[in-house]
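Structure assessment
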Amino acid sequence: MRHLSRIACMAVATALFSVPPSVSLLGLTSAAAQDERPPGAAVISKRPIAFRPPLRGAPSRRVGGATRRQSAAVGLSVAAPENLAYAATDAPTFYWRLDQAAPRVVVTVIADNAIDPLIEVELGPSPGGTFAYDMGRGRARLAAGVDYEWSVAVVVNPDARSEDIVSSARIRHVPPGPDRTDIEALAAEGYWYDLVEALLGDAPEAAAQSNREAFVELARNVGLTWPEP
């Protein structure tokens with residue numbers, strides 16, 4: 001057992017030191033797919049989770065990536081439903097997927113009718129995979145009851161930002177929300193962001209296999225196509 005633990009520790013250390021410092025310091029997490037459970041992610045059953053949008057009939061606002069610059073050939077998709085969804089926390093974790101490596105990634109959160117973004121964080125080069133950015137790493141917080149748009153942009157030409165590949169979604173902070181460990185209640189009441197965080201934790205590709213499988217089914221439930229774990 002001790003021998004296995006040392007091997008596991010060496011593998012984790014190698015993965016950590018292979019990530020560029022600018023990425024790790026900003027809270028971007030991606031790891032080789034494992035069955036180890038990250039802190040804060042509860043293992044659940046494999047039965048499908050039925051997510052119910054909090055505002056049924058609201059206009060669709062999710063924007064998919066790889067639409068502004070098809071020649072860049074970088075598939076980008078945020079992990080969010082088409083309609084606005086809730087977060088019980090004022091510092092949620094945002095998730096997205098890249099089909100392949102990207103030269104520069106920027107995460108932005110801006111309130112409706114605001115001129116300046118609440119946050120705009122550059123994460124630098126990224127490999128392909130599923131990623132998470134924990135807003136709690138910074139000082140900015142979502143205001144209760146305010147609608148925000150959050151987006152992930154792949155910058156392919158720093159001198160022409162109109163060529164960015166962008167994927168975005170909408171979020172509203174509605175406290176206090178259900179118990180954040182109650183998967184079914186979170187899904188039933190529209191708390192998408194807390195639900196996904198409960199499944200994937202801070203390291204989505206290192207979440208328990210059952211949780212990653214449950215997330216793939218959840219993604220399909222809201223019209224997202226996500227790779228099988």
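Attention here is on the structure that accompanies the text. (Residues numbered from 1 in each chain as written. Predicted model: local features only at pLDDT ≥ 70, side-chain atom pairs only at ≥ 80, totals over all residues. Heavy atoms only, no water.)

**A word on the sheet that holds strand β1 (residues 76–78)**
In spatial order, the strands read β1-β3-β6; together these 3 strands make up an open sheet with antiparallel pairing. Every interior strand has two partners, whereas the edge strands, β1 and β6 (129–134), have only one. Strand-to-strand twist across the sheet, computed as the mean angle between neighbouring axes with direction ignored, equals 25°. Sheet analysis places strand β3 (residues 93–98) next to β6, joined by 6 bridges and oriented antiparallel. (Pairing = 2+ DSSP bridges. Helix = DSSP H or I, 4+ residues; strand = E, 2+ residues; numbered from the N terminus. Axes fitted to C-alpha atoms, helices over the stretch in contact; angles between N-to-C directions.)

**Observations regarding the packing of aromatic side chains**
A full pass over the atoms with the stated rule returns 7 aromatic pairs. An angle of 65° between the planes, with centres 5.4 Å apart, marks the rings of Y86 and Y191 as edge-to-face. Taken together, the positions of Y86 in strand β2 (residues 85–87) and Y191 in the loop between α3 (183–188) and α4 (192–200) put the pair 105 residues apart, joining distant regions of the chain. Of the two residues, Y86 and Y191, neither departs from the other in class, the shared state being buried. Here the aromatic rings of W96 and F131 are separated by 6.1 Å at their centres, their planes lie at 25°, and the arrangement is stacked. Here F131 lies in strand β6 and W96 lies in strand β3, a separation of 35 residues in the sequence. No difference in accessibility class separates W96 from F131, as the two residues are buried. Connected via pairs of aromatic rings, a cluster forms that spans F94, W150 and Y193. In this structure, R97 is placed above the aromatic ring of W226, and the distance from its NZ or CZ to the ring centre is 5.0 Å. (Phe/Tyr/Trp six-rings, centres within 6.5 Å; stacked < 30°, edge-to-face > 60°. Buried < 20%, exposed > 50% of the residue type's maximum accessible area, 1.4 Å probe, protein only. Lys NZ or Arg CZ within 6 Å of the ring centre and 35° of its normal.)

**Re the sheet that holds strand β7 (residues 147–154)**
Taken in spatial order, the 5 strands of this open sheet run β2-β8-β7-β4-β5, and their pairing is mixed. Where the open sheet ends on each side, the last strands, each with one partner, are β2 and β5 (119–126). The average undirected angle you get between the axes of adjacent strands in this sheet is 30°. Here β7 runs beside strand β8 (residues 165–173); their pairing, made up of 8 bridges, is antiparallel. In the sheet register, A153 faces β8, and the bridge partner there is V166.

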